[in-house]
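What follows is the residue order along each chain.
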Amino acid sequence: MFLQQLINGLVLGSTYALIALGYTMVYGIIELINFAHGEIYMFGAFVGMILVTVYQFPFFLAFFIAMALASLLGITVEFLAYRPLRRSTRLAALISAIGASIFLQNLALLIMGARPYTFPSPFAPMVYKTSLVTISRVELIILIVSFLLMLGLTFLIQKTKIGIAMRATAQDKDTASLMGININKVITITFAVGSALGAAAGVMVGIYFRTVTPMMGLMPGLKGFVAAVLGGIGSIPGAMLGGLLLGVAEVMGAAYISSQYRDAVAFAILIIVLLFKPSGLIGKSLQVKV
Amino acid sequence: MPSNNYILDAVKISRYFGGLKAVDQVDFFVKKREIMGLIGPNGAGKTTLFNLFTGHYQPSGGEIYFKNEKISGLKPYQITAKGLARTFQNIRLFSKMTVLDNVLIGRHTRTASGLIGAILRRPRDRREEAEARDVAISLLEFVGLEDKKDEQAGNLSYGEQRRLEVARALAAEPELLLLDEPAAGMNPQETINLMKLISRIRDEMNKTILLIEHDMKVVMGISERVAVLNYGRKIAEGTPAEIQGNEDVIHAYLGVST
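Procedures and definitions
Residue numbers restart at each chain and count upward from 1, following the sequence in its written direction. In the order they appear in the text, chains get letters beginning with A and ligands get numbers beginning with 1. Only residues with pLDDT of at least 70 get local features here, since the model is predicted, and only at 80 or more are side-chain atom pairs given and counted; chain-wide, interface and lining totals rely on the full set of residues. Helix numbering and strand numbering both begin at the N terminus, where a helix is a DSSP run of H or I of at least 4 residues and a strand a DSSP run of E of at least 2. Once C-beta atoms are placed from the backbone, each residue is buried if 20 or more other C-beta atoms lie within 10 Å of its own, exposed if 12 or fewer, and partly exposed for counts between those two. Working definition of a contact: two residues with C-beta atoms, positioned from the backbone, lying within 7 Å. One less than the residue count of a helix, multiplied by 1.5 Å, gives the span that helix is expected to have. Residues are grouped as follows: Ala, Val, Leu, Ile, Met, Phe, Trp, Tyr, Cys and Pro are nonpolar; Asp, Glu, Lys and Arg are charged; every other residue, Gly included, is polar. Strand pairing is assigned whenever DSSP detects at least two bridges linking the two strands. Lines fitted to C-alpha atoms define the axes, with helix axes restricted to the stretch in contact, and inter-axis angles between N-to-C directions lie between 0 and 180 degrees. By definition, any crossing whose near helix is turned counterclockwise from its far helix by less than a right angle is left-handed, and any crossing with a clockwise turn is right-handed. One nonpolar core equals one set of buried Ala, Val, Leu, Ile, Met, Phe, Trp, Tyr and Cys residues connected by C-beta atoms within 7 Å. Each domain's extent is set by a domain assignment, obtained either automatically or from a database.

For the rest of this paragraph, the subject is the overall build of chain A. The secondary structure content of chain A amounts to 11 helices and four strands. Sorting the 290 residues of chain A into buried and exposed places 51% on the buried side. Considering only contacts within chain A whose residues lie at least 6 apart along the sequence, 75% involve residues at least 24 apart.

Right, dumping it as structure tokens:
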């Protein structure tokens, strides 16, 4: 029972981790909580669903196209809603983010309607059983794909030129720009990568729960944010750890307390973290710049 | 547009902050392959002048030419790409990154791979990465930090951080290197090593060097030409010997009114 819940928690948590990465990367670079990120996730799920059901695309092709189109949407949101406010107060950009989120939700409602769409699972409903745990094929795919994406991201950030530029920009924008780094380009790439990961989570949750709706980004968006704060906002390993922990905590809460407390567990964790360790589990403690 | 063999040529350059004339109508040039010193009392406008050259500030008036090409009005990253790099008065390394990563950042403008390259990792992207790494390591050898390449930059000693900044600036393959108080806070031995390093950068790497420095032993010891700023204006220019005998300069430093 416990082991089974742990697996379920990790599956859910890995999707939270992917969403949390988008929040934490954007925060790391421009100190903005991108509240429209949940809608990027929803957009990814819709693109995946439409490509698979209407156009009969193979699942993984649809998956990558959804990631690519979501990148473009993320870049567009940054360009239209955040870039003009780059030099204003952080509150202005935050309000703009909430506005972008509501706008995208309603745009989706307008275009797609309020009824939920089914996202048929492209994989045969196979389950793998051992004496201790049962795991379905979809769950296994979610775990493996999330793991590979996180591995890829870590490599991108740690080893490649663009990753080094991103870390440099996060640490000191002025100096980074004097090193010849084009800050606007780094911000664009950050939104592109974060949005692609969010869309990947959206498509996978779509085939997991087999439903896609315009409002589906709201709750996972908030949970991804909680996960990012739990791990330490701005920290990439923190977002991964925070997502997995949150998923496990939520599933355990649902299993051992009551499934109605699922969301309450997540937000109780947010409150506790903010009260006792506002910098998160592996976040850097807040430093005052001189 | 002026045409001459000056690598850097500023014509009547000014920068005002409100009513303060930080740099006021300064004509300034640097010849190819020379080591030039820029001195002046605190607040004379030396660092402001550097910031104008690197595009960090936009001039309030005047124009700046680099290799006979106008650079005033360009963004810092564009100017860096043209071959002008600098170090900072207060060390500005990426302290939480490794020594090697810091030098790799300096190489940013000299490599082409972007996001697509990072994801696809074609052979030429890999080759470029390996090349950047080789160049970075050879620069660390040049400044004597190769055995510290995996340490966090923030853990280096002060003198080492200064040398790392120089390596990082050199990684951009600049033709002109601006050094902002490179000897500040160094002990005498470190200062001597730094002077040797600056000479080697010119002699072995064929660079032009412009440095701001308060340590007169350094400026007068290695510069071929020295310019003096005071209250945003250039009050003298010449060989170290000429500058040391110039009355205006002595007055500026000792505060005697003329």
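Resuming the write-up.
With that out of the way, let us pick up helix α4 (residues 90-112) of chain A. Residues and elements named next belong to chain A. Over its 23 residues, α4 runs 33 Å from end to end, which matches the ideal 33 Å to within 8%, given 1.5 Å per residue. Along α4, the residues that are buried comprise Ala93, Ser96, Ala97, Ala100, Ser101, Leu104 and Ala108. Where α4 is buried, its residues touch α2 (37-53) and α3 (59-82). Two residues or fewer past α4, glycine 113 is found with a positive phi of approximately 85°.

Our focus in this paragraph is the interface of chain B and chain A. If you look at the interface, chain B gives 24 residues, while chain A gives 19 residues. For the side of chain B that touches chain A, the elements supplying multiple residues, two or more each, are α2 (76-82), α3 (99-106) and α4 (115-120) of chain B. Residue composition of the side of chain B that touches chain A, grouped by class: 10 nonpolar, nine polar and five charged.

Let us now look at the pairing of strand β3 (residues 35-39) of chain B. Residues and elements named next belong to chain B. Most of β3 is tucked away: five of the five residues are buried. Sheet analysis places β3 next to strand β8 (residues 208-212), joined by four bridges and oriented parallel. Bridge pairing in β8 places leucine 38 opposite isoleucine 212. Direction of pairing for β3 relative to strand β9 (residues 225-230): parallel, over a ladder of four bridges. Across the sheet, the residue bridging to isoleucine 39 is valine 228, located in β9.

All names here are of chain B. On the basis of which strands lie adjacent, the open sheet formed by four strands has the order β2-β1-β4-β5 and antiparallel pairing. Edge positions in the sheet fall to β2 (20-31) and β5 (69-70), since each of these pairs with one other strand and no more. Sheet strands in contact with helix α1 (residues 46-53) are β1 (6-17), β2 and β4 (61-66), and its direction is about 65° off that of β2.

What follows deals with the packing of helix α1 (residues 2-30) of chain A against helix α5 (residues 137-159) of chain A. All names here are of chain A. Axis separation between α1 and α5 bottoms out at 9 Å; the angle between their running directions is 30°. Considering the relative orientation of α1 and α5, their crossing is left-handed. In this structure, α1 uses Leu10, Val11, Ser14, Thr15, Ala17, Leu18 and Leu21 to contact α5, whose residues at the interface are Glu139, Ile142, Leu143, Ser146, Leu149, Met150 and Leu153. In the contact of α1 with α5, the residues fall into 10 nonpolar, three polar and one charged.

Attention now moves to the pairing of β9 of chain B. All names here are of chain B. Pairing of β9 with strand β10 (residues 233-238) involves five bridges; the strand directions are antiparallel. The residue bridging leucine 229 from the neighbouring strand is lysine 234, located in β10. Taken together, β9 and the strand that follows it, β10, pair antiparallel across an intervening segment of two residues, in which tyrosine 231 is found at a positive phi of about 45°.

Here the focus is the nonpolar core. Among the nonpolar cores identified, the biggest contains 165 residues, and Ala17, Ala199 and Ala200 of chain A together with Ala167 of chain B are the most heavily contacted of them. Structurally, this core is a two-domain feature, drawing no fewer than three residues from each of domain 1 (1-83 + 175-258) and domain 2 (94-173) of chain B. Every residue in contact with alanine 17 of chain A, bar those within four places of it in the chain, is listed here: Ser146, Met150, Ala227, Ala239, Met240, Gly243 and Leu244 of chain A.

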